[in-house]
Amino acid sequence: MKTFITYLLILCFTWCAFGQAQEPQLKKLLDRNVPCVFEGESIKLDTAYYALNRNVSYSYSYYYPKYFKEIWPKEEVISEVRKVSNAYIDTLTYLSPDKQASFKLFAGQVVPFPLAKRRGVKAGDILAVEKAIDDYIKVIKAGKDKELGKVNITSLCKGIKGYNFSIGVRANKGNLQYLYKIVVAELPATGELIFSHFLYQYPAAAQEKYAALGITLANTFNVD
């Protein structure tokens, strides 16, 4: 009996010591605030021509030009059941009237995370999310991102604010210019974190018309 009690006391002291060691590291991680923004000329978003949209399913918000065409992927439905399972069925694309500039928003991978009601976030939870971000940056640099592919990356940054992370990439391929932003947002129902993507593109010849717009829209795409 004494041996069992001694074992419990040792276990208790071990966990207490572990928790005390975790607290300073957790606070340090949560206190981090590293911005990741696209630099360059921007424009003022006049509400007569631009509107704010909030995606409550994926917890992000963004502005879009009212004069851009909104395009949803075509879904074949038979008796309210999808004929073909399409992982990108929630992809939304906006296309400029002259069809030169466009941007799309779509959901990506999910990272496990404690539910808000039972938060109990540990340093290891945040480090796991950051590892997922770092791994995805490697995917982008290797040219293996499904949407961006192999491109010439001119700038790349990683944003950190607590356990919210973001990636910002400026790149080009041939005549096309890209602004690619990924934010990590919390799914309302489960508390898991999901990668939400924003990809803007335009031809270099239309830079004067669409570059500043792209920078502005990319910088307003954020966790809601």
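The coordinates are above.
Just so it is clear, the model here is predicted, and its values are computed rather than measured.

**So, the environment of Thr91**
- Tracing the chain through its elements places Thr91 in the loop between strand S6 (81-82) and strand S7 (92-95).
- Its relative accessible area of 10% is what places Thr91 among the buried residues.
- Between the C-alpha atoms of Thr91 and His197, which are 106 residues apart in sequence, the distance is 9.5 Å.
- Contacts of Thr91, omitting those with residues within four sequence positions, involve Ile71, Trp72, Pro73, Lys104, Leu105 and Phe106.

**A closer look at the pairing of strand S12 (residues 193-203)**
- The buried count for S12 comes to 10 of 11 residues, which makes it a mostly enclosed element.
- The pairing of strand S8 (residues 102-111) with S12 spans eight bridges and is classified as antiparallel. Within the sheet, the bridge partner assigned to Val111 lies in S12 and is Leu193.
- Relative to S12, strand S11 (residues 176-186) is paired through 11 bridges, and the arrangement is antiparallel. If you follow Lys181 over to S12, its bridge partner there is Phe198.
- In textbook terms, the turn of a hairpin is the stretch between consecutive antiparallel strands, and for S11 and S12 this stretch comprises six residues, one of which, Gly191, has a positive phi near 85 degrees.

**Structural notes on the state of the cysteines**
- Inspection of the entire model under this criterion finds one disulfide.
- Put simply, Cys36 and Cys157 are joined by a disulfide, and their sulfur atoms are 1.9 Å apart. For the disulfide bridge between Cys36 and Cys157, the dihedral angle about the S-S bond is near 75 degrees, and by the sign convention the bridge is right-handed. Residue Cys36 is located in the loop between strand S1 (33-34) and strand S2 (50-55), and its partner Cys157 is located in strand S9 (residues 152-161); the two are separated by 121 residues in the primary sequence.
- With relative accessibility at 11%, the residue Cys36 sits in the buried group.

**Here's the deal with the side chain of Ser96**
- Structurally, the position occupied by Ser96 is in the loop between S7 and S8.
- One polar contact links Ser96 to Asp98, side chain to side chain, over a distance of 2.7 Å.
- Sequence-distant contacts of Ser96, that is, excluding residues within four places in its chain, are made with Phe68, Ala101 and Tyr210.

Rules used in this analysis
All residue numbers refer to positions counted from 1 along the written sequence of the respective chain. Reporting of local features is limited, given that this is a predicted model, to residues whose pLDDT is at least 70; pairs of side-chain atoms are given and counted only at 80 or more, and all residues count toward the totals for whole chains, interfaces and linings. The basis for every side-chain value is the complete set of heavy atoms in the structure, and neither hydrogens nor water enter the calculation. Helical segments are the DSSP runs of H or I of at least four residues, strand segments are the runs of E of at least two, and each set is numbered from the N terminus. The buried label goes to any residue with under 20% of its type's maximum accessible area, the exposed label to any with over 50%, and the partly exposed label to all in between, with areas taken from a 1.4 Å probe on protein chains only. Contacts are residue-level and defined by heavy atoms, with any inter-residue pair within 4.5 Å sufficient. Any two strands between which DSSP finds at least two bridges are classified as paired. Cysteine sulfur atoms that pair up within 2.5 Å are treated as a disulfide. Polar contacts, as used here, are pairs of N or O atoms within 3.5 Å; protein pairs need one atom able to donate a hydrogen and one able to accept it. Residues neighboring in sequence count only if both atoms are side-chain atoms.

By themselves, these observations are geometric and do not establish any function.
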